[in-house]
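Observations on chain architecture
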Amino acid sequence: MGRAEERRARQRGGRRAAPRRSSEMPSAAAGGDSITVVGPSGAPGGRAAARRAAKAGRKGGDGKGRIRRLFTWKKILGTFLGVCLLAIGSFIALYLMVDIPRGNAAAQAAQRQSNVYKFSDGTTLARAGKVNREIVDLSKVPKKVQRTFVAAENKSFYHDNGIDLKGTARGVLNTLMGKGAQGGSTITQQYVKNYYLSQEQTVSRKLKEMVISLKVDREMTKDEILAGYINTSYYGRNAYGIQAAAQAYYGVDAEKLKVEQGAYLAALLQAPSQYDWTAASDTGRKLVKARWNYVLDNMVEEGWLGKSERQGMTFPEPKEPKPTAGLEGQKGYFVALANRQLEDQLMKQQDLTRSQAEAAVVDQGWTITLNIDKKKQAALEKAVKTQLTSKLDKKKRKVDADIQAGAVSVDPKTGKVVALYGGVDYFDHYFSNATRTDYQPASTFKPVILAAALEENAETQDGKPITANTVYDGTSKRPVVDDGTKVGFAPENEDDYSYGDVTVQTAMNKSINSVFAQMGVDVGMENVMDVAAKLGMDTTNEEAVPAQTLGTMGASPLQMAGVYATLDNHGKKVTPSIIKAAEHNSRAVTLPDPIGEEVISRETADTVTSVLTGVVDDGTAQESVANNPKRDGQKVAGKTGTSDDNKSAWFTGYTPDLVTSVGLFGEDDKPPHRQVKMYGAGGEDRVNGGGFPAEIWAAYMFGVTKPDARFDLDTDQGAAVRPTWTPTPTEEPTTQEPTEEPTTQKPTETPTTEEPTETPTTEEPTEEPTTEPPTVEPTGRPTDDVTLDPVRPGNGQ
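Residues numbered from 1 in each chain as written. Predicted model: local features only at pLDDT ≥ 70, side-chain atom pairs only at ≥ 80, totals over all residues. Heavy atoms only, no water.

Comments concerning the packing of helix H22 (residues 557–568) against helix H23 (residues 602–618)
The following threshold applies: Comment: axis = line fitted to C-alpha atoms, over the contacting stretch for helices; angle = value between 0 and 180 degrees taken between N-to-C directions. Helix and strand definitions here come from DSSP, where helices need a minimum of 4 consecutive H or I residues and strands a minimum of 2 consecutive E residues; each element is numbered from the N-terminal end. Comment on the angle field: the value is read as roughly parallel under 35 degrees, roughly antiparallel over 145, roughly perpendicular from 65 to 115, and oblique elsewhere. We call two residues in contact whenever any of their non-hydrogen atoms come within 4.5 Å of each other. Residue polarity is assigned by list, with Asp, Glu, Lys and Arg as charged and Ala, Val, Leu, Ile, Met, Phe, Trp, Tyr, Cys and Pro as nonpolar; anything else, Gly included, falls into the polar class.
The contact between H22 and H23 brings their axes to 8 Å, and the two run at 105°. As judged from the angle between their axes, H22 and H23 are roughly perpendicular. Contact residues: H22 offers Tyr-564, Thr-566 and Leu-567, while H23 offers Ala-605, Val-608, Thr-609 and Leu-612. Class assignment for the residues of the contact of H22 with H23 results in five nonpolar, two polar and no charged.

Given below as structure tokens:
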């Protein structure tokens, strides 16, 4: 290098050699030592080098800077495009790899297998599963009937490419996230699922369904796809395909179907059993009728049906079903409930819709072992026959033809449904009376109100805690008040009988409506309905109003057996199950434990049980149950119920080891089987819960329960465990307070009215002290505020 070049280099270095103070440069340490930037020749660097050093320092010390470098918009966009290309590539590969499987309806029918149902001991109960299917050409189905299915399921069917991308993507995403099955499938996709694939909800199955649907749409005409769809779908009543469905529901061939009938069959596909008009609940009927209207309105919207023709259509109620051979007697009721409970479990575990679950259960080769005990079942059927059906004479009394009985018996410790009565015969009465929810449980709801009061530590209007001894005004038609204001509800007691001041115990014994109407408001009807739901009643769409205290919501013997079993099981939730085990060679299902968590406290449950012993021993069930000659010392708690219009009558009761709910229902024996009153049935002026239902209960229970079983109650309230004390046998009550201290022994379960075979202890007061004035409460227990609690004639409720 020449001298001139060296001089220029020194000059450049000199301009950059000015030192930086620590205040202008990043500190290398807490002490703030300055940093000198050295140039290439060893001389200190200039400002540019300092800026680079400062920038490097900031990058090295700032984590956010690293994150920004990692997630730049270019990298994010590139990653997104890469994922999209990968997904497209994977779908193309899947499209090339997946072919349309071989399949036909005849082959599918041959592959279906009968379900085998067994008793709890393993002996075979029934086989069900003969496939009812007949393929028909689409040309034999009226054009407008064809379009009812398009209007119901896929209005864009004639224009789409066989798939619903949004619906499929949503289904795949929800499957991955465990959010359950979602709608949105086209008719083509549903046909592919029914005909070529399975009902399982997996990502691989959904992707295959989409690929095959695209190929099917390219290779088949829309009419061929629609024909396949309506010929392979399950319509309920063991009917596969539109021809079998037309015969099962309307007794005609598919070519004779009317548009309104076709619309009903199309609506059925969403939930076949739930929407079967003959067996549907009130809710089910409302839902299917709404969907029927939806189908026809869509047809008008698409121009497939004229407005005037649509307006002239009425809902076409289907005919009575024909039971499947081999399901006579009670068998059909067992199978229907077992299928339903298995479907419910598949819906929860495998995210199936109701329609998919039914298709996965019916005729799919399941081996289902039931909890039904053959001996108890025989005893229950015999009790109904001896105590009811043998006493009905249709020729002598027309109303006798309208009496239906239903009953369910449950083990409270296991939740097993050990016996069930659904009707006189599945062939004669298709709809199970054991599971129907269209009749009022009436006064069997009163224990739920008391349970809510105890659970909520509720108080009366004047601030006193509600207990078994709390005094209420039992005057008939007494206006219910809330904070001193009348609520516009004043229920009448049975026979309009007024009781005056009574304790809650006596009010339960005599089933006094006016007392429990006021109690419901004191507790808060929202709280009452909440406890009802916890105990197992279906409170969906039910209003929390005072009228509910009369038991006006619908309930089934199965539900009420579960409610009382929870009380018997000290507050631990019992969900009655008829299924002991369900096995399949290609589908696994884990059955839930019928015994759940504690939904009300043990003290609450045991107190209600204690109070309900008084209903049996000194109330509306005394004659049929307490005084029954077959009673062998069994301890019993229970409640009668009779609806105001005598359309239903109940007795639900339990011993320590078994719970049974019996209901009688007035149902017109002629279609459409409307609810009717039961006055005069069996020669009785009025069918009460303490009559036929309690007699059936006692005839069955006292033959299958343990006479030495005792309630293990954790409570100091109610008829079963009242404190012992000796009243002073004088004409005038003394000022001495009766001792409320229980004996040193465990509280007894001695009811208020002892069996003649049992010898009362010397500490028990006599039932009616001859020298005691009528103002003394007959149970011999102290009241909260008064000693007046007269025993009135029973109301029979």
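On we go from here.
A word on the side chain of Lys-510
Put simply, the rule reads: Only protein chains enter the area calculation, which uses a 1.4 Å probe; residues under 20% of their type maximum are buried, those over 50% are exposed, and those in between are partly exposed. His is not counted, nor are the chain ends; Lys and Arg add positive charge and Asp and Glu add negative charge. One speaks of a salt bridge when a side-chain nitrogen belonging to Lys or Arg is within 4 Å of a carboxyl oxygen belonging to Asp or Glu.
Relative to the assigned elements, Lys-510 resides in helix H19 (residues 504–510). An unpaired buried charge is present at Lys-510: no salt bridge exists, and Asp-618, the closest side chain of opposite charge, is 4.6 Å distant.

Examining the environment of Gly-524
Mapped onto the elements, Gly-524 comes out in the loop between helix H20 (513–523) and helix H21 (525–535). Its relative accessible area of 15% is what places Gly-524 among the buried residues.

Examining the packing of aromatic side chains
Convention followed: Whether two aromatic rings pair depends on their centres lying within 6.5 Å, for rings of Phe, Tyr and Trp, where Trp uses its six-membered ring; planes under 30 degrees apart make the pair stacked, over 60 edge-to-face, and the rest tilted. Criterion for a charge above a ring: Lys NZ or Arg CZ within 6 Å of the ring centre, and within 35 degrees of the ring normal.
Summed over all chains, the structure comprises 18 aromatic pairs. Consider the rings of Tyr-264 and Phe-315, whose centres lie 5.7 Å apart with planes at 90°: the pair is edge-to-face. Taken together, the positions of Tyr-264 in helix H12 (residues 259–268) and Phe-315 in the loop between helix H14 (307–311) and helix H15 (331–350) put the pair 51 residues apart, joining distant regions of the chain. Across the pair, exposure class does not vary: Tyr-264 and Phe-315 are buried alike. Counting every residue linked through ring pairs, the aromatic cluster contains Tyr-249, Tyr-250, Tyr-264, Trp-277, Trp-292 and Phe-315. Between the NZ or CZ atom of Arg-310 and the centre of the ring of Trp-292, over which it lies, the distance is 5.6 Å.

Looking at the sheet that holds strand E2 (residues 124–128)
Going by this rule: Strand pairing is assigned whenever DSSP identifies at least 2 bridges connecting the two strands.
Spatially, four strands are ordered E2-E1-E5-E13 in an open sheet, and the strand pairing comes out mixed. For this open sheet the edge positions go to E2 and strand E13 (579–583), each flanked by a neighbour on one side alone. Adjacent strand axes in the sheet meet at a mean angle of 15°, parallel and antiparallel pairs treated alike. Relative to strand E5 (residues 367–370), strand E1 (residues 115–118) is paired through three bridges, and the arrangement is parallel.

So, the sheet that holds strand E17 (residues 658–666)
One open sheet accounts for five strands, arranged E7-E6-E17-E16-E15; its pairing is antiparallel. Unpaired on one side and paired on the other, strand E7 (417–421) and strand E15 (637–642) mark the two borders of the sheet. Geometrically, the sheet is characterised by an average inter-axis angle of 5° between neighbouring strands, direction not taken into account. Pairing analysis gives eight bridges linking strand E16 (residues 648–655) to E17, with the strands arranged antiparallel.

Considerations on the packing of helix H18 (residues 446–455) against H20
Keep this limit in mind: We call a crossing left-handed when the near helix sits turned anticlockwise from the far one by less than a right angle, and right-handed when that turn is clockwise.
Contact geometry for H18 and H20: axes closest at 10 Å, N-to-C directions at 35°. The handedness of the crossing between H18 and H20 is left-handed. Taken together, the residues of H20 that come into contact with H18 (itself represented by Lys-446, Ile-449, Leu-450, Ala-452 and Ala-453) are Asn-513, Phe-516, Met-519, Gly-520 and Val-523. A breakdown of the residues in the contact of H18 with H20 according to their chemical character gives seven nonpolar, two polar and one charged.

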